[in-house]
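# A closer look at the structure
The lines below spell out each chain.
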Amino acid sequence: MTKPTGASVPPYLRIVARIRRRIADGELGPGDPVPSTRQIAREWGVALATATKALTTLRLEGLVETRPRAGSVVAGTVPVTPPRRPSPPAPPSDPELTLDRIVRAAIDIADTEGLSALSMRGVAARLGVAAMSPYRYLPSKDDLVLLMADAAFGEATYPADAPEGWRSRIELGARTLWTLYRRHPWLAQLGSLTRPLLVPNLIAHGEWMLSALDGHGLDPTTLFDIHVLIYSHVQGLAVHLEWEAHAEASTGQSEDQWMDSRTPALRALVESGRFPTFTKVVGAFDDGYDLRLDALFASGSKALLDGLTPIIEGQATADRPRSAGS
């Protein structure tokens, strides 16, 4: 059988070849995590089904295995729960330690291992300093998390020459927040609508959104309600980014593997006859339902702004003085 080459190689095989090469070159060693299905889908721009097929192929080749609380890792004789990025031993001194270095190291840990893996001792180990050194700069992990959030939200700013129209500005603000949550999934876990995260760089995003809505004749409560509604759409979807990463690490199953393991329960619901519409919709999928958070963010944002347009623009129109002939 002729081996496919060049452009004829299926996308999942190209992904397999890239990860296989990283393992062969020693870039990924035994016990190191390999990209999850969602990471593969995002990095290579493929569907989750393609990403799952790539990981399955690597498992069948014996290069990758799934371990509880670790997810998919390079196969080999290693501890069951190896750290995703081993930290160097801490020397007795802390040369050139600064608050900014502490915050950046903490962000790196949260980005790669999740917020639950963050500790003051772990930050010290990452920086190669004495375990208690970070406490000379801030009193607790809670204080560190606030500084991390402020730094992360401060990674994106808005242009001085704002786009024309309230909708263009709102769309830019929503996309900017979504990008930050995508870059730092743990960010969406830090504050709720009822107990908001009060850090300057998040308020700066709020200022952009509120200024886009201001001047349209809305009373303060309605204006702020709209701002909260838009923000909740972005954050509400973003919380699932970290939840899925944590679930995959704790169960050792990708989202697709977890759904496959629930096939008997799903079949029982479908065959019960109690949910005809659910059965019709689920049965219409050719290859299952692929949850695409980026697509949901985009379509949800459009639907939300379409629905809000009459409220925002209608109020402004109603406040305009009418001509004698109108």
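Residues numbered from 1 in each chain as written. Predicted model: local features only at pLDDT ≥ 70, side-chain atom pairs only at ≥ 80, totals over all residues. Heavy atoms only, no water.

## Some points on the overall build of the protein chain
The condition is simple: The secondary structure listing takes helices from DSSP runs of H or I that are at least 4 residues long and strands from runs of E that are at least 2 residues long, numbered from the N terminus. Whether a residue is buried, partly exposed or exposed follows from its accessible area with a 1.4 Å probe, protein chains only, as a fraction of its type maximum: under 20%, in between, or over 50%, in that order. Contacts are assigned to residue pairs with any non-hydrogen atoms lying within 4.5 Å of each other.
Scanning the protein chain from N- to C-terminus turns up 13 helices and two strands. Within the protein chain, the proportion of its 326 residues that are buried is 36%. Sequence separation of 24 or more characterises 71% of the internal contacts of the protein chain that already satisfy a separation of 6 or more.

## A short note on the packing of aromatic side chains
Pairs of aromatic rings are described using the distance from one ring centre to the other and the angle between the two planes. Defined as follows: For Phe, Tyr and Trp, where Trp contributes only its six-membered ring, two rings pair if their centres lie within 6.5 Å, and the inter-plane angle classes them as stacked under 30 degrees, edge-to-face over 60, or tilted in between. Charge-over-ring placement is defined geometrically: NZ (Lys) or CZ (Arg) within 6 Å of the ring centre, and within 35 degrees of the ring normal.
All told, the structure shown has four aromatic pairs when counted by the stated rule. Both rings, one in W178 and one in F297, keep their centres 4.9 Å apart while their planes meet at 5°; by these two values the pair is stacked. Separated by 119 residues along the polypeptide, W178 in helix α7 (residues 166-183) and F297 in helix α13 (residues 293-319) bring together distant segments of the chain. In this structure F297 comes out as buried when scored by relative accessible area, which is 7%. Each ring, one from F285 and one from Y289, has its centre 5.5 Å from the other, and the planes form 40°; the classification is tilted. Sitting over the face of the ring of W208, R169 holds its NZ or CZ atom 4.4 Å from the ring centroid.

## Quick notes on a nonpolar patch on the surface
Selection rule: Distance thresholds for patches are 9 Å for like charges and 5 Å for nonpolar side chains (Val, Leu, Ile, Met, Phe, Trp, Tyr), applied to residues having over 30% relative accessible area and no salt bridge. Residue exposure ignores everything except the shown protein chains as possible cover, and the areas themselves are Shrake-Rupley values with a 1.4 Å probe. The rule for a salt bridge is simple: a side-chain nitrogen of Lys or Arg has to be within 4 Å of a carboxyl oxygen of Asp or Glu.
A contiguous nonpolar patch, built from W258, M259, L266, L269, F275 and F278 and spanning about 510 Å² of accessible area, is present on the exposed surface. Looking at the nonpolar patch, the elements with two or more residues in it are α10 (255-261) and α11 (263-271). Mapped onto the elements, L266 comes out in helix α11.

## Quick notes on the packing of helix α1 (residues 11-24) against helix α3 (residues 48-60)
Note the following rule: The axes used here are C-alpha line fits, helices contributing only the stretch in contact, and every angle between their N-to-C directions lies in the interval 0 to 180 degrees. Under this scheme an angle from 65 to 115 degrees is roughly perpendicular, one under 35 degrees roughly parallel, and one over 145 degrees roughly antiparallel; angles in between are oblique. Here a crossing is called left-handed whenever its near helix is offset anticlockwise from the far helix by less than a right angle, and right-handed whenever the offset is clockwise. Nonpolar residues are Ala, Val, Leu, Ile, Met, Phe, Trp, Tyr, Cys and Pro. Charged residues are Asp, Glu, Lys and Arg, and all others, Gly as well, are polar.
Close contact between α1 and α3 brings their axes to 9 Å; oriented N to C, the two are set at 50°. With respect to α3, the element α1 is oriented oblique. The handedness of the crossing between α1 and α3 is right-handed. Of the residues in α3, those in contact with P11, Y12, I15, V16 and I19 of α1 are T50, K53, A54, T57 and L58. Classifying every residue of the contact of α1 with α3 by side-chain character gives seven nonpolar, two polar and one charged.

## Here's the deal with the pattern of salt bridges
Across all of its chains, the model carries 10 salt bridges by this definition. Put simply, E171 and R167 hold a salt bridge, and the shortest N to O gap is 3.3 Å. Of the two residues, E171 and R167 are both situated in helix α7; the distance of four residues between them amounts to about one turn of the helix. With a relative accessible area of 29%, E171 lands in the partly exposed category. For D306, the salt bridge goes to K302, with nearest N and O atoms at 2.9 Å. One end of the pair is D306 and the other is K302, both in helix α13 and four residues apart, which spans about a single turn. One network of salt bridges, with partners in common, ties together R167, E171, K302 and D306.

## Description of helix α4 (residues 99-113)
We count it as follows: Expected helix span is computed as 1.5 Å times (number of residues minus one).
The terminal C-alpha atoms of α4, which comprises 15 residues, lie 21 Å apart, in line with the 21 Å expected from a rise of 1.5 Å per residue. Among all positions in α4, only I102, V103, A105, A106, I107, I109, A110 and T112 are buried. Looking at the buried side of α4, the elements it contacts are α5 (120-127) and α6 (141-153). Positive phi appears at G114, one or two residues downstream of α4, with a value of about 95°.

## Brief notes about the nonpolar core
This is how the line gets drawn: Among the buried residues, those of types Ala, Val, Leu, Ile, Met, Phe, Trp, Tyr and Cys that are joined through side-chain atoms within 4.5 Å form a nonpolar core.
Ranked by size, the top nonpolar core spans 58 residues in total, and within it L118, V123, L144, M148, F153 and Y181 carry the most contacts. Listing elements by their share of this core, those giving two or more residues are α4, α5, α6, α7, α8 (200-213), α9 (220-251) and α13.

## Side note on the side chain of H227
By the secondary structure assignment, H227 is in helix α9. Beyond its immediate chain neighbours, meaning those up to four positions away, H227 contacts G206, M209, L210 and L213.

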